[in-house]
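For reference, the chains in residue letters:
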Amino acid sequence: MNVTRGFTGRARPQGASGASGPVLPPGQYDARDDWPVLSAEVTPMLTAEEWTFRIDGLVTRPRTWDWAQAQELPGSVYEGAVHCVTGWSKFGMRFSGVPLDVFLAEVRPDPSATHAVAYSHTGYTANLPLADLTGGRAWIAFTQDGRPLAPEHGGPARLLVPHLYFWKSAKWIAGLQLLDHDQPGFWERNGYHARGNPWEEQRYSGD
Amino acid sequence: MTETFTPPTRFAVPGRIEVGGRAASVWQTATISGIRRETPRATSFRLAVPGWAGHLPGQHLMLRLRAADGYTAQRHYSLASAPDDTGHIELTLDHVEGGEVSGWFHTVAEVGDRVEVRGPLSGFFAWPGDRPALLLGAGSGVVPLMSMVRHHRARALAAPLRLLVSARSPRELIYAREYGAETTPVFTRSAPPGVPIGRLTAAHVAPVVADAPDGGWEAYVCGSNAFAEHAARLLVGAGQPVDRIRIERFG
């Protein structure tokens, strides 16, 4: 591997012992004050009143929640970083919403369910192992930093799975379909990795 | 249960090509073989990549620089060149203030310097040249669209193609000398005499959408998020179907 002549790079955010500051996954940089928007489709005009969230497929009791019903569920907060496959990470995010465990407990996943396709009100899809959606690691998020999610950031509600690259955190979330197999979603059919773990730098299929 | 789940919603614009993972997963050495200033802020870099697998217009690559202590920085950049068999590709990079990678390119890079690339990547924004294409870009968002224009020209493709490109001024219009009858430039800060100043409006977009060829346009939008939101609203307002709009935003 060649050293790039004359390249020194930014002050190192990681590596040196005693360095303060958050740790970046490999190949990421700190977006600092930016929160880039990278959706590939037209931002939908979706109000909270129109929003619904459904879990269906390999479950005992499929169910749809509307906005008011979802707001009554016991909520929690995720404080930490998100990591976008295009290279930026953003620290100090504070999302509030409802853990997916709460929704899943109501629909009772079948033991045969291993994966889910998350789909948006736009039709965007992302596939995830069910294990990545449970155990307090995934939310339906409604606010960031105390404010309602802006439409371009997925408002009124988006999936939040912060331990995976952010394309898995489907904006304008409409539902989960539980399956007994993995079915590639939108970006996964376009060359991106099936799971997308930033700490293993699973960006593209083949990584 | 092996049937395919299809969401009960409309978008899901399919990718334009099947994407194989093999070429995209290998880092290759790229040697700078040419440097060409485009505007005061944008410069094109020609790279020799002997093992380049070929690409389609609209695809991008990942580019990596490495410091002596092993530290690396990588960014995604759109391919500006049309696909060809020269073993060379071109990128056009804005000089981002404080940019770690673009800063190196604009202040240090010389012909003969070596960097690393992997790609081509992603099939969503690709244009194989088959369908009529309506391209809307702003600033360096025109880069992947220029690959489409160049491809269209090099292959004398029959599919109609139109480009609406927004720049602050004629001086900052990237590839200004290359445009032909397919292109309408829009200037937001200063313009040549007789050319109106202002952002892209429905007056630019609606007539083109209304005049869609058989089968309709496939629309490709590239630029900042603000431009992408604005351009997408104009397209939808003009009647372009939401599921025939592909957007690539900087970030």
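Parameters and conventions
The residue numbers shown here count from 1 along each chain, following its written sequence. Labels follow written order: the first chain is A, the first ligand is 1, and so on. At least 70 in pLDDT is required for a residue's local features to be given in this predicted model, at least 80 for side-chain atom pairs to be given and counted, and no such filter applies to totals for whole chains, interfaces and linings, which use all residues. Secondary structure counts use DSSP, requiring at least four H or I residues in a row for a helix and at least two E residues in a row for a strand, with both numbered from the N terminus. Every radius of gyration here is taken over C-alpha atoms, with the globule rule written as 2.2 Å times N^0.38, N being the number of residues. Buried residues are those with 20 or more other C-beta atoms within 10 Å of their own C-beta, exposed residues have 12 or fewer, and partly exposed residues lie in between; C-beta atoms are placed from the backbone. The reported arc concerns the directions from the helix axis to the C-beta atoms and nothing else. Here contacts are defined at the residue level, using C-beta atoms placed from the backbone and a cut-off of 7 Å between them. A set of buried Ala, Val, Leu, Ile, Met, Phe, Trp, Tyr and Cys residues, joined through C-beta atoms within 7 Å, is what we mean by a nonpolar core. Where each domain begins and ends is defined by an automated method or by a domain database. Classification convention: Asp, Glu, Lys, Arg as charged; Ala, Val, Leu, Ile, Met, Phe, Trp, Tyr, Cys, Pro as nonpolar; all other residues, Gly among them, as polar. A fitted line through C-alpha atoms serves as each axis, taken over the contacting stretch for helices, and the angle formed by two N-to-C directions is quoted from 0 to 180°. Our angle categories are set so that under 35 degrees counts as roughly parallel, over 145 as roughly antiparallel, 65 to 115 as roughly perpendicular, and the remainder as oblique. Left-handed describes a crossing in which the near helix is turned anticlockwise from the far one by less than a right angle; the clockwise case is right-handed. UniProt positions are given in the numbering used here, feature names are shortened, and annotations may be inferred rather than shown by experiment. Criterion used throughout: strands pair if DSSP finds at least two bridges between them. Values of pLDDT, the confidence the predictor places in each residue, fall between 0 and 100. Convention used here: a crossover is right-handed provided that the path from the first strand, over the helix, to the second strand proceeds clockwise when the strands point away from the viewer.

Looking now at the overall build of chain A. A count of helices and strands for chain A gives two helices and eleven strands. Counting from the amino terminus, helix and strand elements in chain A follow one another as β-β-β-α-β-β-α-β-β-β-β-β-β. Taken over the C-alpha trace, chain A has a radius of gyration of 18 Å; the compact-globule value for 207 residues is 17 Å, and the two agree within 12%. Counting only C-alpha atoms and orienting by the principal axes, one finds that chain A spans roughly 60 × 35 × 35 Å. Out of the 207 residues in chain A, the part that is buried amounts to 45%.

Turning our eyes to something else, we now look at helix α2 (residues 100-107) of chain A. All names here are of chain A. Those residues of α2 that sit buried are Leu100, Phe103, Leu104 and Val107. All buried residues of α2 lie within an arc of 95° about the axis, which places them on one face of the element. Residues of α2 that are buried make contact with β2 (52-57), β3 (63-66), β5 (88-99) and β8 (139-144).

Another point: the nonpolar core. Generally speaking, nonpolar side chains in soluble globular proteins are found buried as a group. A:Ala118, A:Ile140 and B:Val221 are the most contacted members of the largest nonpolar core, which totals 118 residues. If you count residues domain by domain, this core takes at least three from each of domain 1 (11-121) and domain 2 (133-250) of chain B. Sequence-distant contacts of A:Ala118, defined by excluding residues within four places in its chain, comprise A:Thr125, A:Ala126, A:Leu128, A:Leu159, A:Ala170, A:Ile173 and A:Leu176.

Interface size is commonly expressed as the accessible area that is lost once the parts come together. The interface is formed by 46 residues belonging to chain B together with 48 residues belonging to chain A. Among the secondary structure elements, those contributing two or more residues to the side of chain B that touches chain A are β3 (60-66), β4 (72-78), α1 (100-107), β6 (114-121), α4 (225-237) and β11 (245-249) of chain B. Of the residues assigned to the side of chain B that touches chain A, the class counts are 23 nonpolar, 13 polar and ten charged.

Attention shifts here to the packing of helix α3 (residues 202-210) of chain B against α4(B). Residues and elements named next belong to chain B. The geometry of α3 relative to α4 is characterised by a closest axis approach of 9 Å and an angle of 45° between their N-to-C directions. Classified by the interaxial angle, the pair formed by α3 and α4 is oblique. Here α3 runs over α4; the crossing is right-handed. Here Ala202, Val205 and Val209 of α3 come into contact with α4, specifically with Leu234, Leu235 and Gly237.

Moving on: unusual backbone geometry. Cis peptide bonds are those with omega within 30 degrees of zero, and the linkage from A:Gly155 to A:Pro156 qualifies with 15°. Its place among the elements puts A:Pro156 in the loop between β9 (147-148) and β10 (158-160). Following B:Gly119, the chain continues into B:Pro120 via a peptide bond in cis, with omega recorded as 5°. With respect to the helices and strands, B:Pro120 occurs in strand β6. Residues other than glycine seldom take positive phi values, yet B:Ala156 does so here, at roughly 50°.

We now examine the UniProt feature "domain: Oxidoreductase molybdopterin-binding" (unreviewed entry) in chain A. The UniProt entry lists residues 43-187 of chain A under the feature "domain: Oxidoreductase molybdopterin-binding" (unreviewed entry), expressed in the numbering used here. Here residues 43-187 of chain A runs as 9% helix and 41% strand, with 17 Å between its end C-alpha atoms.

This part covers the sheet that holds strand β8 (residues 161-167) of chain B. All names here are of chain B. On the basis of which strands lie adjacent, the open sheet formed by five strands has the order β9-β8-β7-β10-β11 and parallel pairing. Every interior strand has two partners, whereas the edge strands, β9 (183-187) and β11, have only one. Shown here is a sheet whose adjacent strand axes are inclined to one another by a mean of 10°, direction ignored. Where strand β7 (residues 133-138) lies against strand β10 (residues 218-223), five bridges are found, and the strand directions are parallel. Following the sheet pairing, Leu135 is matched in β10 by Tyr220. Sheet contacts for helix α2 (residues 142-154): β7, β8, β10 and β11; angle to β8, the most-contacted strand, approximately 150°. The strands touched by α3 within the sheet are β7, β8 and β9, with β8 carrying the most contacts at an inclination of about 170°.

UniProt feature "domain: FAD-binding FR-type" (unreviewed entry): in the numbering of this structure it lies at residues 25-127 of chain B. Annotated as 8% helix and 45% strand, the span residues 25-127 of chain B places its first and last C-alpha atoms 22 Å apart.

Residues and elements named next belong to chain B. Pairing within the open sheet is antiparallel, and its six strands lie in the order β4-β3-β6-β1-β2-β5. What marks the edges here is a single partner per strand, and that holds for β4 and β5 (88-94). Pairs of neighbouring strands in the sheet enclose a mean axial angle of 40°, with direction left out of account. Note that strand β2 (residues 42-48) and β5 share seven bridges and pair antiparallel. Across the sheet, Ser44 pairs through a bridge with Thr92, a residue of β5.

This part covers the confidence of the model for chain B. Here chain B averages 92 in pLDDT, and 92% of its residues register 70 or above. Reported confidences for the modelled complex are a pTM of 0.92 and an ipTM of 0.89.

Residue and element names in this part refer to chain B. Of all six residues that make up β7, six are buried, and the element is covered over most of its length. Neither face of β7 is left uncovered, since the one carrying Ala133, Leu135 and Gly137 and the one carrying Leu134, Leu136 and Ala138 both have all their residues buried. Viewed along the sheet, the connection from β7 through α2 into β8 turns out right-handed.

Turning our eyes to something else, we now look at the domain arrangement of chain B. Residue and element names in this part refer to chain B. For chain B, the assigned domains read domain 1 (11-121) and domain 2 (133-250). Summarising the inter-unit geometry, the C-alpha centres of domain 1 and domain 2 are found 23 Å apart. In this assembly, 17 residues from domain 1 lie in contact with 17 residues from domain 2. Of the residues assigned to the side of domain 1 that touches domain 2, the class counts are nine nonpolar, five polar and three charged.

Looking now at the environment of B:Glu38. With respect to the secondary-structure elements, B:Glu38 resides in the loop between β1 (28-37) and β2. Sequence spacing of B:Glu38 and B:Tyr175 is 137 residues, and the spatial spacing of their C-alpha atoms is 6.5 Å.

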